[in-house]
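Report on the structure
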Amino acid sequence: MNTTRTFEVGGLLSSMSARGVEKQLAQLPGVAAVQANAVAGTASVSFDPERISADAVRRAIEECGYHCAGESVPNHLCTPHAAHDHAHSHAQDHAHPPGPEAGAHAPAHDHGGAAHMANATPAGPGTQPAATKGHAMDHGAMDSMAHEMGHGAGMDARGMARDMRNRFWICLAFTVPIFLYAPMGMAFIKLVPPFGLELNLWLFLLASGAVIYPAWPFFVAAARALRNGVLNMAVLVVLSVGTGYLFSVGATFFFKGAQFYEAVAVLLVFILLGHWLEMRARAGASEAIRALMDLAPPKATVFRNGAELTVATADVLLGDVVIVRPGDKIPVDGEVLEGGSLVDESMLTGESMPVKKAVGSTVIGATINKSGSFRYRATKVGADTALAQIVKLVQQAQNSKAPAQLLADRASQWLVLVAFLIGVSTFVAWYFVLGQPVLLALTLTITVFVIACPDALGLATPMAVMVGTGLGAMNGILFKNASALEDATRLDVVIFDKTGTLTLGQPDVVDVALADGVTQDHLLRIAASVEKLSEHPLALAILKRAGALPLASVSEFTNIDGQGTQAVIDGRLALLGNSRLMQDKGVALGALAADSQRLQGQGRTVVHVAHGGTLIGLIAIADAVRPTSAQTIEALHAKGVQVAMLTGDNRATAERIASELGIDIVYADVLPGDKAAKVRELQAQGKKVGMVGDGVNDAPALTQADVGFAIGAGTDVAMESADVVLMKSDPFDIVGAIALSRATLRKMHQNLAWAVGYNVIAFPLAAGVFYPFTISPEVAALAMSGSSALVAINALLLKRTRLTGIRRVSPAAPIERAPAGAQAPPRAA
């Protein structure tokens, strides 16, 4: 059975570099699918652990020429102070043959990084993480690989941005004197080279300083790309900068001719400036995943062998007793054993009010304890925690590719080849056919190589997907793949499963009818006094409504199957149940008969309450509608989306809910196995259908739908079957998901239109088709870099777009999964 893991890939310069990694890893035995993302610096690999290990995948990434620290996992799976290299694992390759879970190590714990890695599979539940078992590692061993890395080993987007900035300033420092000593069109500046050197030799020395170190990442990336069988942006940069530099060197030492030193240096300045801005934008796109990585605390206090110990969060074992004090972050998921507190779960619910926790309550890792102290048993650790699962889900979504991106990737690959052919053809046409000077022909050729960079086309969709999925994660909306992000924009109908989705999935008192002379408190006191001895969900609803009312003592409590209950209160018989119970016990409904019929006709469960042989009132109970359900349906209608409801309830109950909420289509009396058939029925009408559900019996319908939305408090089966997970269990997040999808798709289309339009205009301009109107290589470099930066910045503007259902929050509080709630069984009315 295949498993999917996300690996760090350091040093990806462009989307085509990522394509090279995909191409090489896909050839490995046991690898089923690979999706690499240059923006995130990661690759999601689906592989068979029986045929290839995670460590073997990591080694294969390094063989492609990229640094890989292993799997990208949250901070709480990493061990502090462990060395961030692979010396030990390389040494062990001969001692331990590859196999599942081979070679697990963890890197340094770094709150500042964009991703925090562990060298292989995170420790499973109840196991000591391999990284904590005392492997000695040599940090210097990475130098053997670092010398061939253009940016250095293991850099994330922010590190690459800093490195590109430094190279830009170095290049600029050498370019300024080149420009002054060999002024372009400014002959009034006459500077004499120092030390009596010839001008061309002096310019060669300056140009070498401006080119060799600053352009090194492009040379390395081009070599990797060719080795991996792809053509990318770096190949074009090397062709343009390298051609101009080598031709100038030849003109300096070997033959008579014009030199390009100043043009090459200025060209590289603009290229480096553009890529610096692009890398900064990439780092901004990954803010959401970095915030998720940083959530869990690095340390935990556990009670072992009669003593308190402070251990790394990665070392907390399944079943450990964890101690939490006021102000602490909860390290892993668990169940409270002793004590109580208020816990800030704003990352879970979006609400600022803390949640009360007592013995038996569920707590979730990375939430914040506000007041008291408590102890809890760890029930989910390592890769099984809610935080780890969310990080994995978001990473896989960001690495997945929308249909538009697959097309753009193929177009980018061909664009490089087309640019090379057009560049060669330009030189041949201008030099050999038209007989123009070599200087003009070579200038136009270099301009073609520069301006045709496919980086903007390659970045167009992954940048938008990165920002869109990250913004969704910060709002508790987890898209599991980019296709779902795109498909959600086309929905015509959204079907809601009623129970647990539009409703809370638990009974609640919704109405009360009183006999003459009876107060509501008296009615609830009698009913709650009897029901306190029952565990039925309807009894719990009555007790909840009674609240803190003083209850009477009860004797002779009896449960009457199919009818209700009875007991003696204050020396008189109290009856609670349906109308048949009243009839059997000879209690007349009197003036409340009409109310009983009315409430039952509205689909309510009516509890008749009698005391001393007289009916004193009616309590109507129903599955309570979620507070945001009506607002959700209204907002969907405003977006032109129809709303349907599926329920196994009878028609009367279904129609009541539908009328209350304004639902367009009602499917009542639907058996669990027929839900998928209702989805197919709408699809057969040519409609794109979204399905929202939370239960096991919703899984087939979620799979059948064009887009399946799982309520976060639902079952694991429903969440696995769905394309989008709503972590806050709020139906209004459907509106946010659709709004975010549409906004993201707009950004994708804008970016693609710009990238395609840019290249359509750029090629003829660069090739001199409109001669004598031409553009210089420097202007071409500015246009090329500017187009890539523009695409990246346009995607980042999505963060500032006002969207219904999406809060523009800081990347500090993503949403965790809500604890599952029990669904009440039906009770006879």
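Look a little higher up for the structure.
In this text the structure is predicted, and so the values were computed from the model without any measurement. (Residues numbered from 1 in each chain as written. Predicted model: local features only at pLDDT ≥ 70, side-chain atom pairs only at ≥ 80, totals over all residues. Heavy atoms only, no water.)

1. Re the nonpolar core
Residues Phe218, Val241 and Tyr245 are the most contacted members of the largest nonpolar core, which totals 55 residues. Of all elements in the fold, only helix H5 (157-181), helix H6 (199-211), helix H8 (233-253), helix H9 (261-285), helix H13 (403-433), helix H14 (438-451), helix H27 (733-766) and helix H28 (777-796) reach the threshold of two or more residues within this core. For this core, the element with the highest residue contribution is H9, accounting for 11 residues. If near-sequence neighbours (up to four positions away) are discounted, Val241 is found in contact with Val211, Val264, Leu267, Leu268 and Ile271. Grouped together as the second largest cluster of nonpolar side chains are 49 residues, Met463, Ala635, Met645 and Ala668 included. (Core = buried A, V, L, I, M, F, W, Y, C linked by side-chain atoms within 4.5 Å. Buried < 20%, exposed > 50% of the residue type's maximum accessible area, 1.4 Å probe, protein only. Helix = DSSP H or I, 4+ residues; strand = E, 2+ residues; numbered from the N terminus. Contact = heavy atoms within 4.5 Å.)

2. Some points on the environment of Leu12
Of note, Leu12 is situated in the loop between strand E1 (3-8) and helix H1 (15-25). For the pair Leu12 and Pro217, spaced 205 residues apart in sequence, the C-alpha separation works out to 9.9 Å.

3. Focus on the packing of aromatic side chains
By the definition in use, this model includes nine aromatic pairs. Arranged with centres 6.2 Å apart and planes meeting at 75 degrees, the rings of Phe427 and Phe432 form a pair that is edge-to-face. Counting every residue linked through ring pairs, the aromatic cluster contains Phe204, Phe253 and Phe254. Over the ring of Phe303 we find Arg375; its NZ or CZ atom is 4.7 Å from the centre of that ring. (Phe/Tyr/Trp six-rings, centres within 6.5 Å; stacked < 30°, edge-to-face > 60°. Lys NZ or Arg CZ within 6 Å of the ring centre and 35° of its normal.)

4. Focus on the sheet that holds strand E21 (residues 605-611)
Strand order in the open sheet formed by six strands is E17-E22-E21-E20-E19-E18, and the pairing between neighbours is antiparallel. Bordering the open sheet on either side are strand E17 (503-514) and strand E18 (554-560), each of which pairs with just one other strand. Going across the sheet, the axis of each strand differs from the next one's by a mean of 20 degrees, ignoring polarity. Contacts from helix H21 (residues 593-601) reach E17, E21 and strand E22 (614-625), with the element oriented near 155 degrees to E21. (Pairing = 2+ DSSP bridges. Axes fitted to C-alpha atoms, helices over the stretch in contact; angles between N-to-C directions.)

5. Notes on the pattern of salt bridges
Using the criterion set out here, one finds 14 salt bridges in the structure. Residue Arg304 pairs with Asp320 through a salt bridge whose shortest N-O separation is 2.6 Å. Here Arg304, found in strand E6 (residues 299-304), pairs with Asp320, found in the loop between strand E7 (307-312) and strand E8 (321-324); they are 16 residues apart in sequence, far enough to count as distant. For Arg304, a relative accessible area of 22% translates into the label partly exposed. Between Arg598 and Asp595 there is a salt bridge; the shortest N-O distance is 3.3 Å. Here Asp595 and Arg598 lie together in helix H21, a separation of three residues that amounts to about one turn. When its relative accessible area of 39% is taken as the criterion, Arg598 is described as partly exposed. Classification of Asp595 by relative accessible area gives partly exposed; the value is 23%. Here the residues in one salt-bridge network are Asp55, Arg58, Arg59 and Glu62, joined through shared partners. (Salt bridge = Lys/Arg side-chain N within 4 Å of Asp/Glu carboxyl O.)

Keep in mind these values describe shape, not function.
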